Amino acid sequence: MQILVTGGAGYIGSHVVKQLLEATDHDVCILDNLSTGHLETVETLESIAREANRGALRFYKMDLADFKAVAKLFMTERFDAVLHFAASSLVAESVANPLKYYMNNTVNTTHLVSRCVEAGIGKFIFSSTAAVYGEPREVPVKEMTPTDPINPYGMSKLMSERVIRDTSAVKEDFDYVILRYFNVSGADVTASNGTPRIGEWHEPETHLIPLVVKTALGKRDSITVYGEDYDTEDGTCIRDYLHVEDLAAAHLRALEYLGAPVEQSDGPNIFNVGYGHGFSVKQVIETMKQVSGADFTVDKGQRRAGDPALLIADNSRIKSGLKWQARYDDLALICQTALEWERSLND
Ligand SMILES: NC(=O)c1ccc[n+]([C@@H]2O[C@H](COP(=O)([O-])OP(=O)(O)OC[C@H]3O[C@@H](n4cnc5c(N)ncnc54)[C@H](O)[C@@H]3O)[C@@H](O)[C@H]2O)c1
């Protein structure tokens, strides 16, 4: 197959491209405007493609908002599947600038879906998020747990989900998988020398594990724990930290699932991706101290609005529906790979 990966120069998309190149014979085409992704990541993927010597890799520096360019691309290339990662995904920024999120996430997804329908592309895999549940009404969170986003980022993703589902309901040939990611972290584990070649590279960084990594490496003075009075064992928030390699593998399973319609189940093709258990902020910090051997300053902060005490996926649906199995469910490994990746980055 020829697969279009939007946002393939970013953190999660690049790991999926890497797995496609190393584990399949598909050709991959990355579309990315490099707004938060990196040209260095694309270059690394190009060298991974050469080494794997299986499918081809091509890169289009293009903005999804450039509808003319996207339409032209769909006329000149023949894609069999689209994996759509490109988005803006900073929660605080979405509160300050909601239109950016509705434009880049919802409007651009709507346009992309319409191009796919026009071109007769039947396989669409979408990066959604646990943020669609807001402060979830039950934990572990099931796919049928009511959605109730509490910020424009989560709402822009839920609206995109709706566009995809409503389109599929009337366009028989347009099939989709929506993956709702929990807390993604860690980096490449398949390099022959063990050093991650790609990893999380966000500026600004807002996620806990890379922030703790930067603190352990002395790139930040301290790490702040927001709230120690939650109803959890040590009082800090618990999240379902998912290794990016396991998340990437879920996309490969989703692609196989869309190619095997007989196995499809009833109901929307929406799947949580998480391990079904979590770790507290303090446990993450302790694990990073052990893995890095560094002691660092931990500051106490106030609770942040909209941070639920517990956010854990019920992953039974993806296990049975997509035959997905976790391979890297290990907080120390997640911390280790994130640390090694950050070490490999020059300031
Ligand atoms: N990182 C997480 O923990 C997490 C959790 C849940 C969901 N997600 C979702 O997963 C997807 C990937 O997240 P990520 O962490 O890899 O983000 P990222 O910022 O590293 O990657 C996004 C990529 O999309 C590109 N992009 C953005 N807007 C674009 C546009 N208009 N046209 C072309 N390219 C564009 C960026 O340049 C970047 O390379 C996003 O949709 C995000 O909402 C991420």
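Worth saying up front: this structure is predicted, and the values here are computed from it rather than measured.

With respect to the overall build of the chain
Move 1: Helix and strand counts for the chain come out as 11 helices and 14 strands.
Move 2: Projecting the C-alpha coordinates of the chain onto the three principal axes gives extents of approximately 55 × 45 × 40 Å.
Move 3: Residues counted as buried form 55% of the 347 residues belonging to the chain.
Move 4: Across the chain, the fraction of contacts at a sequence separation of at least 24, relative to all contacts at a separation of at least 6, is 80%.
Move 5: Approximately 15300 Å² of the chain is accessible, and the part contributed by carbon and sulfur atoms is 48%.
Move 6: When the 34 basic and 49 acidic side-chain charges of the chain are each reduced to a single mean position, those positions are 3 Å apart.

So, the site of the ligand
Move 1: By nearness alone, 31 residues border the ligand, and Asp 32, Thr 36, Asn 104, Tyr 153 and Lys 157 come closest of all.
Move 2: Take His 202: an N or O atom from its side chain is 2.9 Å from an oxygen atom of the ligand.
Move 3: Expressed as a share of its isolated accessible area of 820 Å², the protein-covered part of the ligand is 96%.
Move 4: When contributions to the shell around the ligand are tallied by element, the ones reaching two or more residues are α1 (11-23), β2 (27-32), α5 (98-119), β5 (123-129) and α6 (152-170).
Move 5: In terms of residue count, β5 provides more of the shell around the ligand than any other element does, 3 residues in total.
Move 6: Of the residues assigned to the shell around the ligand, the class counts are 14 nonpolar, 14 polar and 3 charged.

Side note on the nonpolar core
Move 1: Counting 62 residues, the largest nonpolar core has Leu 20, Leu 83, Leu 179, Ile 209, Val 273 and Met 288 as the members making the most contacts within it.
Move 2: With 9 residues, the single largest contributor to this core is helix α8 (residues 244-258).
Move 3: Each of domain 1 (2-184 + 242-275) and domain 2 (185-241 + 276-347) accounts for three or more of the residues forming this core.
Move 4: Among all residues touching Val 273, those that are not within four sequence positions of it are Leu 179, Arg 180, Tyr 181, Phe 182, Leu 242, Leu 247, Ala 250, Ile 318 and Trp 324.
Move 5: Listed in part, the 21 residues of the second largest apolar core include Leu 4, Val 70, Phe 79 and Val 113.

Here's the deal with the domain arrangement of the chain
Move 1: Entries for the chain in the domain assignment read domain 1 (2-184 + 242-275) and domain 2 (185-241 + 276-347).
Move 2: Look at where the C-alpha atoms of domain 1 and domain 2 centre, and you get two points 23 Å apart.
Move 3: Between domain 1 and domain 2, the buried area comes to about 3800 Å², and carbon and sulfur atoms account for 61% of it.
Move 4: For the domain 1 face of the interface with domain 2, the top three residues by lost area are Tyr 11, His 243 and Tyr 275, together amounting to 20%.
Move 5: Linking domain 1 to domain 2 there are 2 salt bridges.
Move 6: The element that contributes the greatest number of residues to the side of domain 1 that touches domain 2 is α8, accounting for 8 residues.

Thoughts on the packing of aromatic side chains
Move 1: One pass over the structure, following the stated rule, counts 7 aromatic pairs.
Move 2: Ring plane angle 85° and centroid distance 6.4 Å describe the contact between Tyr 101 and Tyr 153, whose orientation is recorded as edge-to-face. Linking Tyr 101 in helix α5 with Tyr 153 in helix α6, this pair joins segments that are 52 residues apart in sequence. The residues Tyr 101 and Tyr 153 share a single accessibility class, namely buried.
Move 3: Look at Trp 201 and Trp 341: their rings are 6.0 Å apart centre to centre, the planes differ by 65°, and that puts the pair in the edge-to-face class. Of this pair, Trp 201 sits in the loop between β7 (183-185) and α7 (208-216) while Trp 341 sits in helix α11 (residues 331-344), placing them 140 residues apart in sequence.
Move 4: The ring centre of Tyr 230 lies 3.9 Å from the NZ or CZ of Arg 303, which sits over that ring.
Move 5: Positioned over the ring face of Phe 271 is Arg 317, at 5.1 Å from the centre of the ring.

Rules used in this analysis
Residues numbered from 1 in each chain as written. Predicted model: local features only at pLDDT ≥ 70, side-chain atom pairs only at ≥ 80, totals over all residues. Heavy atoms only, no water. Helix = DSSP H or I, 4+ residues; strand = E, 2+ residues; numbered from the N terminus. Buried < 20%, exposed > 50% of the residue type's maximum accessible area, 1.4 Å probe, protein only. Contact = heavy atoms within 4.5 Å. Areas by Shrake-Rupley, 256 points an atom, 1.4 Å probe, with all protein chains shown as cover. Lys, Arg positive; Asp, Glu negative; His and termini not counted. Charge placed at Lys NZ, Arg CZ, Asp CG, Glu CD. Near = heavy atom within 4 Å. Polar contact = N/O pair within 3.5 Å; in protein donor to acceptor, adjacent residues only side chain to side chain. Nonpolar A, V, L, I, M, F, W, Y, C, P; charged D, E, K, R; others polar. Core = buried A, V, L, I, M, F, W, Y, C linked by side-chain atoms within 4.5 Å. Domains from an automatic or database assignment. Buried area = accessible area lost by both parts, 1.4 Å probe. Salt bridge = Lys/Arg side-chain N within 4 Å of Asp/Glu carboxyl O. Phe/Tyr/Trp six-rings, centres within 6.5 Å; stacked < 30°, edge-to-face > 60°. Lys NZ or Arg CZ within 6 Å of the ring centre and 35° of its normal.

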